[in-house]
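# Examination of the molecular architecture
The chain contents come next:
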Amino acid sequence: MKSSYTARTEAQRKRVFKRFYIHLMYWAKYLAVNHWKLEITMAHGPTEVKEVSISEDPDYAGAVVDFDPSYERANIVLCTQDDTHWSDQSLEEIAAHELVHIIWSAPSELISDKVAKSPAYRILMEAATTHTTRALMGMYAISSGSSRRSRGS
Ligand SMILES: [Zn+2]
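Notes on the structure in this doc start here.

## Structural notes on the sheet that holds strand S2 (residues 37-44)
Pairing is mixed in the open sheet, where 3 strands are placed in the order S2-S4-S3. Only two strands of the sheet have a single neighbouring strand rather than two, namely S2 and strand S3 (62-68). Pairs of neighbouring strands in the sheet enclose a mean axial angle of 20°, with direction left out of account. Here 8 bridges tie S2 to strand S4 (residues 73-80), and the two strands are oriented parallel to one another. What sits directly across from threonine 41, in S4, is valine 77. Against the sheet, helix H1 (residues 10-30) engages S2 and S4, with an angle of about 155° to S2.

## Observations regarding the packing of helix H3 (residues 88-108) against helix H5 (residues 119-136)
Two numbers describe how H3 lies on H5: the axes approach to 9 Å, and their chain directions differ by 120°. One element, H3, and the other, H5, form an angle in the oblique class. The crossing of H3 and H5 is right-handed. Each of Glu93, Ala96, His97, Val100, His101 and Trp104 in H3 lies in contact with H5, whose residues at this interface are Met125, Thr129, Thr130, Thr132, Thr133 and Leu136.

What counts and what doesn't
- Residues numbered from 1 in each chain as written.
- Predicted model: local features only at pLDDT ≥ 70, side-chain atom pairs only at ≥ 80, totals over all residues.
- Pairing = 2+ DSSP bridges.
- Helix = DSSP H or I, 4+ residues; strand = E, 2+ residues; numbered from the N terminus.
- Axes fitted to C-alpha atoms, helices over the stretch in contact; angles between N-to-C directions.
- Contact = placed C-beta atoms within 7 Å.
- Parallel < 35°, antiparallel > 145°, perpendicular 65-115°, else oblique.
- Left-handed = near helix turned anticlockwise from the far one by under 90°.

Here it is as structure tokens:
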């Protein structure tokens, strides 16, 4: 396992995709969504990324998910650029984050398209997804009593 991933060359993109896939499979099992039919692909560079991204930002790097909760199907696209540089942890967070979106996709179907597509809803859903993912990954670790004592408080 490499400690960081870039995506400038074809070989680097294969490595980053393989690692992303491993994280996705682990988290799909952990989050109990491994029965979903997941199609996982990759887009590289401004032209390809603009085609798949809803952000309209051609320089976007990360992942986008498009889902159909009725059929438990989702397409996940890993978007990279020539200057993409991810740690293994950030790559894992991207994978887990997309799967948390999948968990929230079913209740999202109950709200109107107008609300679902509103910037306010998107911002709140994105923040909730990020927050949940980071908590699941233990990124908000609480200092233990012993470490507090070792700092002399
Ligand atoms: Zn998101």
